[in-house]
Amino acid sequence: MTKSASAEQAEQVEGVEVGEARISIPGMSEEGENLATAHEETEHTHGGLGESTTKAQSGGSRADRTTSLSVADFAVPTGREEEWRFSPLKKLGRVLSDAATQTPVTIELRKSAEGVTHGELALAQSPRGTVFSAADRAAVVGYSQSAQADYIKVAADTELTEPVFIDITGEAAGHRANAHIVLEAEAHSKVVFVLEHRGSADANLNVEVIVRDGADVTVVSLQRWDGDAIHVGQQDAEIGRDAKYKHVSITLGGEVVRLNSNVRYAAEGGEASMYGLYFADAGQHLEHRSFVDHNSPRNSSNVLYKGALQGQDARTVWVGDVLIRKAAEGTDSYEKNQNLILTDGARADSIPNLEIETGLIEGAGHASSTGRFDENHLFYLMARGIPEKEARQLVVRGFLNEIVQAIGVDSIEDTIHQDLENELEIAGF
Amino acid sequence: MSTLEIKDLHVSIETEQGVKEILKGVTLTINSGEIHAIMGPNGSGKSTLASTIAGHPRYNVTSGTITMDGENVLDMAVDERARAGLFLAMQYPVEVPGVTMTNFLRTAKTAIDGEAPKLRTWAKDVRSAMEKLKIDADFANRNVNEGFSGGEKKRVEILQLELFKPKFAVLDETDSGLDIDALRVVSDGVNRAQESNDMGTLLITHYTRILNYIKPDYVHVFVDGRVAEQGGPELADELEANGYDRFLAPAQA
């Protein structure tokens, strides 16, 4: 582990370093288990029969975290809480208060499709709140301040060939907007939901995804906000028996974006894939937290988040929690985060947390790396005659492309490629 | 007719224990159309020679020269060497995430030739070269080396050798980890490239097995960073029978 050369006097709370003087890239942060220095990837696999490892980090077990739909259960954070210590609370203050919407975001289905309905759900109206349970202050105030939720349902056995685009548009920068969206895929339906966020707002937007038995659901959350948007959100899913759920979070725009993507299982045979791609420019804070709760046996999960950073004070955070509970025998899980630092002045934190409460699992691994270009990739391409500049372009596009490829919808992939080209132009890649 | 000339090459690397000299004066001349086998025990510096010719930044040339037709290879960047006609088939080909084989092959071919290959003939060339090497057509859409088995990676190296048509190829333990069928397929590929391009080849190997398929004109035995002995193909037969003991004994005495 390397400390930042300019490390200032570290601020400490109960012996743990906090604040901006914490260990920073290029050695990156020391929190969590088994983190890498630049260019190195740590890879770590647990599993096989008979091994039992339990890991609890400084914040305690993820299993002990409060979840609730009652605002009274969550105090306004001070910044010392495990789940808030990386976040810019000054800028987030406006979305953490228990305040009503000033100017709502518009939420529209781009096209109607057979088997898809769009309605509303009041606060206590099922299935609203059956999957979602707020895990922090932001989520709970957003939830309770959204009197009516948008409810988009795909009927049983419907197989949609076109994605269901849901346009979420912020109409007034600096104006508080709360919203809650319930996505339900009934049994054996197949659907790709694309939540496309544009415009600007102080947005507190939660999503709950109900994946019924045998359904195959992809949720792509595209953050294409204007530069002054603030966005906090919790996107929860519960996966039914033998169902598949893929969540892809792509964050390019916004001043501060902090998304929690959570998954748990209703039964057995579920498959979760959680992908993320973020590209932070100067002054942007992009934070992604994923939590896979292996609460029942014989389910699998795979988490891969990748980020690129460029410019002064470009800031990203990834915290990936995986909890394999005592009951979750036969679990197979893996999580990985990789960050590519394109210029000086940027900082990425990457924290994989893996807790395993049973030895009877198929596998559980995690990996994390943060650094500049992988010299081995460059060497390989250059050894085939490709000039260095072009080799770097290929490597950085390839790095980002891995997530774009995972979306599996050509029309979306094309527009994201174009966005990434625009981002890469900034630092001259 | 081209000549790759290595003269009194000394190469060191930085290790945690300090600078370590690996090559201690290597001299070799390879002409177009010739196959030179470099054989030697593990740790004798064979792979260091291969990586140094390709220009891997880890290897530091402290003295000596490498020239190709009189041009100073050591002055060239890694990509310039490749464009000048040098090719290294790597022992451990690197996985490049997110870059498809198709994109990679076309980009490299364009860089080496200085112009984009003609779309129609290129696609056909790639397909037929892949067929000959028994590489599944679906590999073209996969990312460079990603998830390929050891044998698949080696075949893809030889695929590039056939498509890029270098003047000189260095094959760094291309035979290691191959079963007998794969070894034959890969060897056929090298022989095709050799014949069609009048290529000079430096075949680095630990085992004599591959020499049953690729017939060397010269054999050099590498021990402790130097060429300890050289001769014709008969030297390989002797190594097959007696191993490297004869060469190692004096070093230990």
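Preceding this section is the structure that the text describes.
Residues numbered from 1 in each chain as written. Chains lettered and ligands numbered in written order. Predicted model: local features only at pLDDT ≥ 70, side-chain atom pairs only at ≥ 80, totals over all residues.

1. Quick look at the overall build of chain B
Okay, step 1: A tally of helices and strands in chain B yields eight helices and ten strands.
Okay, step 2: The C-alpha atoms of chain B give 18 Å as radius of gyration, which agrees with the globular expectation for 253 residues (18 Å, within 12%).
Okay, step 3: Judged by the C-alpha coordinates and their principal axes, chain B covers about 60 × 40 × 40 Å.
Okay, step 4: Taking all 253 residues of chain B together, the buried fraction comes to 44%.
Okay, step 5: Nonlocal contacts in chain B, meaning residues at least 24 apart in sequence, comprise 73% of its contacts between residues at least 6 apart. (Helix = DSSP H or I, 4+ residues; strand = E, 2+ residues; numbered from the N terminus. Rg over C-alpha atoms; globule rule 2.2 N^0.38 Å. Buried ≥ 20, exposed ≤ 12 C-beta atoms within 10 Å, placed from the backbone. Contact = placed C-beta atoms within 7 Å.)

2. Re the pairing of strand 10 (residues 230-239) of chain A
Residues and elements named next belong to chain A.
Okay, step 1: In terms of burial, strand 10 is largely enclosed, as ten of its ten residues are buried.
Okay, step 2: Note that strand 8 (residues 190-211) and strand 10 share eight bridges and pair parallel. Bridging from a neighbouring strand, V211 pairs with I239 of strand 10.
Okay, step 3: Across ten bridges, strand 10 lies against strand 12 (residues 256-265) in parallel orientation. Its bridge partner being in strand 12, H231 is matched across the sheet by V257. (Pairing = 2+ DSSP bridges.)

3. Concerning the environment of A:L354
Okay, step 1: Mapped onto the elements of the fold, A:L354 is located in strand 18 (residues 347-356).
Okay, step 2: Taking the C-beta count within 10 Å as the criterion, A:L354 has 25 such neighbours and is therefore assigned buried.

4. Re the environment of A:H366
Okay, step 1: Within the secondary structure layout, A:H366 lies in strand 19 (residues 361-371).
Okay, step 2: Sequence separation of A:H366 and A:I168 is 198 residues, and the distance between their C-alpha atoms is 33 Å.

5. Describing helix 5 (residues 410-426) of chain A
All names here are of chain A.
Okay, step 1: The end-to-end C-alpha separation of helix 5 is 25 Å, in line with the 24 Å expected for 17 residues at 1.5 Å each.
Okay, step 2: Against strand 8, strand 9 (216-223), strand 11 (244-251), strand 13 (271-280) and helix 4 (388-407) lie the buried residues of helix 5.
Okay, step 3: Following helix 5 by one or two positions, G428 adopts a phi angle in the positive range, close to 80 degrees. (Expected span 1.5 Å × (residues − 1).)

6. Structural notes on unusual backbone geometry
Okay, step 1: Of note, the amide linkage connecting A:S126 to A:P127 takes the cis form, showing an omega dihedral of 5 degrees.
Okay, step 2: Looking at the secondary structure, you find A:P127 in the loop between strand 5 (116-122) and helix 2 (137-144).
Okay, step 3: Backbone geometry places B:N145, a non-glycine residue, at a positive phi of 60 degrees.
Okay, step 4: Position of B:N145 relative to the elements: it lies in the loop between helix 4 (119-132) and helix 5 (150-164).
Okay, step 5: Non-glycine residue B:D198 carries a positive phi angle of around 50 degrees.
Okay, step 6: Looking at the element boundaries, B:D198 is found in the loop between helix 6 (180-197) and strand 8 (200-205).
Okay, step 7: Taking the number of C-beta atoms within 10 Å as the measure of exposure, B:D198 has 14 and is therefore partly exposed.

7. A look at the sheet that holds strand 1 (residues 3-15) of chain B
Residues and elements named next belong to chain B.
Okay, step 1: Taken together, the four strands give an open sheet; going across it, the order is 2-1-4-5, and neighbouring strands pair in antiparallel fashion. Each edge of the sheet is formed by a strand with only one pairing partner; in this case those strands are strand 2 (18-31) and strand 5 (71-72).
Okay, step 2: Across the sheet, helix 1 (residues 46-54) lies against strand 1, strand 2 and strand 4 (60-68), angled at about 75 degrees from strand 2, the strand it touches most. (Axes fitted to C-alpha atoms, helices over the stretch in contact; angles between N-to-C directions.)

8. Examining the interface of chain B and chain A
Okay, step 1: With 17 residues of chain B at the contact, the number on the chain A side is 22 residues.
Okay, step 2: If you list the elements that add at least two residues to the side of chain B that touches chain A, you get helix 2 (78-84) and helix 3 (101-113) of chain B.
Okay, step 3: Grouping the amino acids of the side of chain B that touches chain A by side-chain chemistry returns eleven nonpolar, four polar and two charged. (Nonpolar A, V, L, I, M, F, W, Y, C, P; charged D, E, K, R; others polar.)

9. Describing the nonpolar core
Okay, step 1: A:V211, A:V220 and B:V170 are the most contacted members of the largest nonpolar core, which has 183 residues in total.
Okay, step 2: At twelve residues, the largest contribution of residues to this core is made by strand 8 of chain A.
Okay, step 3: Domain assignment of the residues forming this core places at least three in each of domain 1 (44-373) and domain 2 (374-429) of chain A.
Okay, step 4: If sequence neighbours within four positions are ignored, A:V211 has contacts with A:A185, A:V217, A:A237, A:E238, A:I239, A:G240, A:A243 and A:Y245. (Core = buried A, V, L, I, M, F, W, Y, C linked by C-beta atoms within 7 Å. Domains from an automatic or database assignment.)

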